[in-house]
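Single-letter residue listing:
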Amino acid sequence: MSTQLRSFASLCALMLASSSCWAANVTVHASNFKFTPASVTINSGDTVTFVNDGGFHNVAADDHSFRCAAGCDGSGGNGSASSSAWSSTLVVTNSASSAQTLGYFCEIHGSPGSGMHGSITVNAATAPPPPAINLGGYLSGNWFNPAQGGHGFQFEFTNSPDEAIPTQKELVAIWFVYTPDGSGQNWIYAQGPYDSTKNAVTVPATIFHGAKFPFPLTNYDPNAVLGSLGDWGTLTFSFSDCNNGTAAWASGVTGYGTGTIPIQRITTIQGTACPQ
């Protein structure tokens, strides 16, 4: 049984400012040779308060993890049965991956599983979300919104040319998408530094235009290319892990507006691996 029980009063004395002291509480009454309610279900970290409404009783765990009446043994109290109007409060946690049930009984009028007996079912603790993944070359590749196939992003997380800032790298991002009026395709190009200790980055973006297709080769004039980073707006990318993230945009160009979409990885770069 992985359920751990400790005196709530002792816990709050050690963690006075902790929000855990505000966990939900369930009260169980000892009277008429029974516990009421006999069975309760709580979440990990909640508390159970046992109250003696009359009679010579105590409460002891089937697995001997606690014994309480006027306080609890080992926590500054006395767990021996008493006819006084005692109460004891316990905080109950469950470190297992599934719900666990702990039985308890009155040592005078019951035994494990029979007589004056009750049980506490403790739901499994909700696992905390995994930490967000830091930016790095392992995020390079092609990504898209699974709800909107047909457009997506290509990322290249590269080394920065500025060796004086080892944590600062360079992101090149291209959004292969369409014009707001549906008249054609757009390549929204973004580039800027990122910090490899962060999980999000905002980079300036533009749509280069003005030049012609390079056939014949003389048809292409590099001096005809128009656009500069930031004149379209910005793109912001954040990643919760190596395969999931969000893309957000903010554009001052008519028709594009602002928004956020989820993105998932489609491809990886050979030789890269997500950090464990």
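Look a little higher up for the structure.
Position labels on residues start from 1 in each chain and follow its written sequence. Confidence filtering applies because this is a predicted model: local features only for residues at pLDDT of at least 70, side-chain atom pairs given and counted only at 80 or more, and all residues used for totals across whole chains, interfaces and linings. Only hydrogens and water are removed before side-chain values are computed, so all heavy atoms of the structure are retained for them.

Our next topic: the state of the cysteines. Two cysteine sulfur atoms form a disulfide, by the criterion used here, when they sit within 2.5 Å. Considering all chains together, one arrives at two disulfides under this definition. Two residues share a disulfide in this structure: Cys 68 and Cys 72, whose sulfurs sit 1.9 Å from each other. On the S-S bond that ties Cys 68 to Cys 72, the torsion sits near 105°, and the link is right-handed. For Cys 68, a relative accessible area of 0% translates into the label buried. A 1.4 Å probe rolled over the protein chains alone gives each residue an accessible area, and that area as a share of the maximum for its type sets the label: buried under 20%, exposed over 50%, partly exposed in between. Relative accessible area serves as the criterion here: at 8%, Cys 72 is assigned to the buried category. Here Cys 242 is linked by a disulfide to Cys 274, with a sulfur-sulfur distance of 1.9 Å. Where Cys 242 bonds to Cys 274 through sulfur, the torsion about that S-S bond is close to 90°, and the disulfide is right-handed.

Time to look at a nonpolar patch on the surface. Distance thresholds for patches are 9 Å for like charges and 5 Å for nonpolar side chains (Val, Leu, Ile, Met, Phe, Trp, Tyr), applied to residues having over 30% relative accessible area and no salt bridge. Each accessible area is a Shrake-Rupley estimate made with a 1.4 Å probe; only the visible protein chains count as cover when residues are assessed. Here, a salt bridge means any side-chain nitrogen of Lys or Arg that lies within 4 Å of a carboxyl oxygen of Asp or Glu. On the surface, Phe 208, Tyr 220 and Val 225 cluster together to form a nonpolar patch covering roughly 250 Å² of accessible area. By definition, any uninterrupted DSSP run of H or I lasting at least four residues is a helix, any uninterrupted run of E lasting at least two residues is a strand, and each is numbered from the N terminus. With respect to the secondary-structure elements, Val 225 resides in the loop between strand E16 (200-206) and strand E17 (233-241).

Looking now at the packing of aromatic side chains. Working definition: an aromatic ring pair is given by the centre-to-centre distance plus the angle between the planes. Note on aromatic contacts: the rings of Phe and Tyr and the six-membered ring of Trp form a pair at centre separations within 6.5 Å, being stacked when their planes are under 30 degrees apart, edge-to-face when over 60 apart, and tilted otherwise. The full count for this structure, using the stated rule, is 18 aromatic pairs. Ring plane angle 75° and centroid distance 5.0 Å describe the contact between Phe 50 and Tyr 104, whose orientation is recorded as edge-to-face. On the criterion of sequence distance, the pair formed by Phe 50 in strand E5 (residues 47-52) and Tyr 104 in strand E10 (residues 100-111) is long-range, its members being 54 residues apart. Residues Phe 50 and Tyr 104 agree in their burial class; the two are buried. When the ring of Phe 155 is compared with that of Phe 157, the centres are 6.0 Å apart and the planes differ by 65°; the resulting orientation is edge-to-face. With respect to class, Phe 155 is no different from Phe 157; both count as buried. Grouped by ring-pair contacts, the aromatic residues Trp 143, Phe 153, Phe 155, Phe 157, Trp 175, Tyr 194, Phe 237, Phe 239 and Trp 249 constitute a single cluster.

Residues Thr 36 and Pro 37 are joined by a peptide bond in cis, for which omega reads -5°. Checked against the element boundaries, Pro 37 lands in the loop between strand E3 (34-36) and strand E4 (39-43). Put simply, Phe 215 and Pro 216 share a cis peptide bond, and its omega is -5°. Unusually for a residue other than glycine, Asn 32 sits at a positive phi of about 55°. As for its placement among the helices and strands, Asn 32 is situated in the loop between strand E2 (25-31) and E3. Look at Phe 33: it is not a glycine, yet its phi comes out positive at around 60°.

By themselves these figures say nothing about function.
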